[in-house]
Amino acid sequence: MSDSKPKTMGQQLGRRSWAEPWKIKMVEPIRLKSKSDRQRALEEAGFNTFLLRSEDVYIDLLTDSGTSAMSDRQWSGMMLGDEAYAGSRNFFRLEHAIREFYGYEHVVPTHQGRGAEHLISQALISPGQYIPGNMYFTTTRLHQELAGGTFVDVIVDEAHDPASDFPFKGNVDLRKLEALIHEVGSEKIPYVSLAGTVNMAGGQPISMENVRSVRELCDRYDIRVYLDATRMAENCFIIQEREAGYSQTPIAQILKEFCGYTAGAWMSAKKDSLVNIGGWLAVNDADVFDQVRNMVVIYEGLHTYGGLAGRDMEALAIGVEESVDDDHIRTRVNQVRYLGNLLVAWDVPIVRPVGGHAVFLDAKRFFPHIPQDDFPAQTLAAELYLDSGVRSMERGIASAGRDSETGENRHPKLELTRLTIPRRVYTQAHMDVVAETVKSVFDNRDSFRGLEMVYEPKYLRFFQAKFKRI
Ligand code: F0G
């Protein structure tokens, strides 16, 4: 690893412009269906973008998860799969990459992020315990609850305000964390659950200074800190940009320092690591490793493949290395910002500052006339699709679900519709089309009414719920 930041294209040429550090070798045709086809597809999907068929979608910004374009190096790695049940060569390559770039000692592969969330939650949480974290994530919190725990949000207040320009809205509020420790006792807190570029807050970063302080506080009470590393490379890019002392530090070095403050991490490799499937759990404590390595054989597969093929692990190992390339990550985040800046210029209300992986539309301000119980963010996602086949995702009251004890709807402060940008997939021209789609719905915003939920599954309802127009 070099210890000074490599110069980007723009810096080498002494210009402000930036461009993707790759060229396109293979294309997948996409096409816009007719308005009547879109109308039919949306009704069949119960106004839930998760239930649309991909072939009915024109530009797919549902998620950045598993939707990245792999590089030619990753594809050639797919040919090097050692498909052995035990001890595949590709596993050792993956283990090596995680040790080198994230710095954790023991690695267990899983089929994706929630497989790792399941293992860590079952291994560390006992019924009646509390898990503080910098805002919930849907699957993370559910696994904590299924293990008998209660998630407690200790993120800074600014995270709940979409208009706040606070640079590190993913930070933990140390006073909230310490107050919880005093209230319930440190023995009731198995670990602090941190996440990089906090998804539900709009892709907002946590600073190095904050993770350092969280670690210091937790050391005083003998509490471990675990990290959701899913989008940490993006978080590190924002640290490099905004945090004093890091502007000349390469992303790879920032990542390793950050992870060094934590005892382990779980990972959905379908994001930062540029693969279509995969995840892992990595820890430093030998006793925790012993537990999760034993448990993975029940739920995922042997501890040297954890639900992945050898070829998947090879592509992932290569993706880990590519994901911390300074030029790659700068391009990735700047493309998201390009879309965000177009919308800001048209006064469309979005979460500020623009996050690492997506532009989040603020549905409360977009549709001030639609009450939260009538699903404004879900309505917005449905209308964007109808307008021009652009698929987005609700991140508001439908995603927040019901309180696991009272059964009442949770009413999150943030009611957002997420335009999530897959990595290395769409061009700037696609971003222009998306921006015009949003503008067209925004210009007609007064004409839309909300939705009513007509089918509600028990777990993670947003994935499969159905709605009808009010
Ligand atoms: N943690 C975070 C922060 C995530 O964003 C996700 C998935 C997971 C964990 C779970 O990982 O999907 O591989 O099982 N987020 C996707 C999204 C679904 O669209 O944001 P997984």
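Conventions we followed
- Residues numbered from 1 in each chain as written.
- Predicted model: local features only at pLDDT ≥ 70, side-chain atom pairs only at ≥ 80, totals over all residues.
- Heavy atoms only, no water.
- Pairing = 2+ DSSP bridges.
- Helix = DSSP H or I, 4+ residues; strand = E, 2+ residues; numbered from the N terminus.
- Axes fitted to C-alpha atoms, helices over the stretch in contact; angles between N-to-C directions.
- Contact = heavy atoms within 4.5 Å.
- Buried < 20%, exposed > 50% of the residue type's maximum accessible area, 1.4 Å probe, protein only.
- Parallel < 35°, antiparallel > 145°, perpendicular 65-115°, else oblique.
- Left-handed = near helix turned anticlockwise from the far one by under 90°.
- Nonpolar A, V, L, I, M, F, W, Y, C, P; charged D, E, K, R; others polar.
- Polar contact = N/O pair within 3.5 Å; in protein donor to acceptor, adjacent residues only side chain to side chain.
- Near = heavy atom within 4 Å.
- Areas by Shrake-Rupley, 256 points an atom, 1.4 Å probe, with all protein chains shown as cover.

**Considerations on the sheet that holds strand 12 (residues 416-420)**
Part 1: Strand order in the open sheet made by the three strands is 9-12-11, with antiparallel pairing throughout. Looking at strand neighbours, the two that pair on one side only are strand 9 (358-362) and strand 11 (393-395), the edges of this open sheet. Adjacent strand axes in the sheet meet at a mean angle of 35 degrees, parallel and antiparallel pairs treated alike.
Part 2: Across the sheet, helix 15 (residues 376-388) lies against strand 9, strand 11 and strand 12, angled at about 40 degrees from strand 12, the strand it touches most.

**Side note on helix 9 (residues 232-242)**
Part 1: Of all 11 residues in helix 9, nine are buried; the element is thus mostly enclosed.
Part 2: Looking at helix 9, one finds that the buried residues are Met232, Ala233, Glu234, Asn235, Cys236, Phe237, Ile238, Ile239 and Gln240.
Part 3: Its buried side turned inward, helix 9 meets helix 8 (208-221), strand 6 (224-228), helix 10 (251-260), helix 12 (310-323) and helix 13 (326-345).

**Things to note about the packing of helix 4 (residues 89-101) against helix 12**
In a pair of packed helices, the angle between the axes and the distance between the axes together describe the arrangement.
Part 1: It is the contact of helix 4 with helix 12, at a shortest axis distance of 8 Å, that shows an interaxial angle of 20 degrees. With respect to each other, helix 4 and helix 12 are oriented roughly parallel. Of the two elements, helix 4 crosses helix 12, and the hand of that crossing is left-handed. Across the interface between the two elements, Asn90, Phe91, Arg93, Leu94, Ala97 and Phe101 of helix 4 pack against Gly310, Arg311, Met313, Glu314, Leu316, Ala317, Ile318, Val320 and Glu321 of helix 12.
Part 2: For the contact of helix 4 with helix 12, a count of residues per class yields nine nonpolar, two polar and four charged.

**Re the environment of tyrosine 338**
Part 1: Take tyrosine 338: it is sitting in helix 13.
Part 2: Separated by 260 residues in the primary sequence, tyrosine 338 and methionine 78 have C-alpha atoms spaced 33 Å apart.
Part 3: When sequence neighbours within four positions are dropped, the list of residues in contact with tyrosine 338 reads Gln428, Met431 and Asp432.
Part 4: For tyrosine 338, the side chain forms a polar contact with the side chain of aspartate 432, separated by 2.7 Å.

**Re the site of the ligand**
Part 1: Thr63, Arg114, Asp228, Ser268 and Lys271 are the nearest of the 17 residues found near the ligand.
Part 2: Within the side chain of lysine 271, one N or O atom sits 2.9 Å away from a nitrogen atom of the ligand.
Part 3: When the ligand is considered free in solution it has 470 Å² of accessible area, and contact with the protein chains removes 95% of it.
Part 4: Take the shell around the ligand: its biggest share by element is three residues, from helix 5 (residues 113-124).
Part 5: Class assignment of the residues belonging to the shell around the ligand gives a composition of two nonpolar, eight polar and seven charged.

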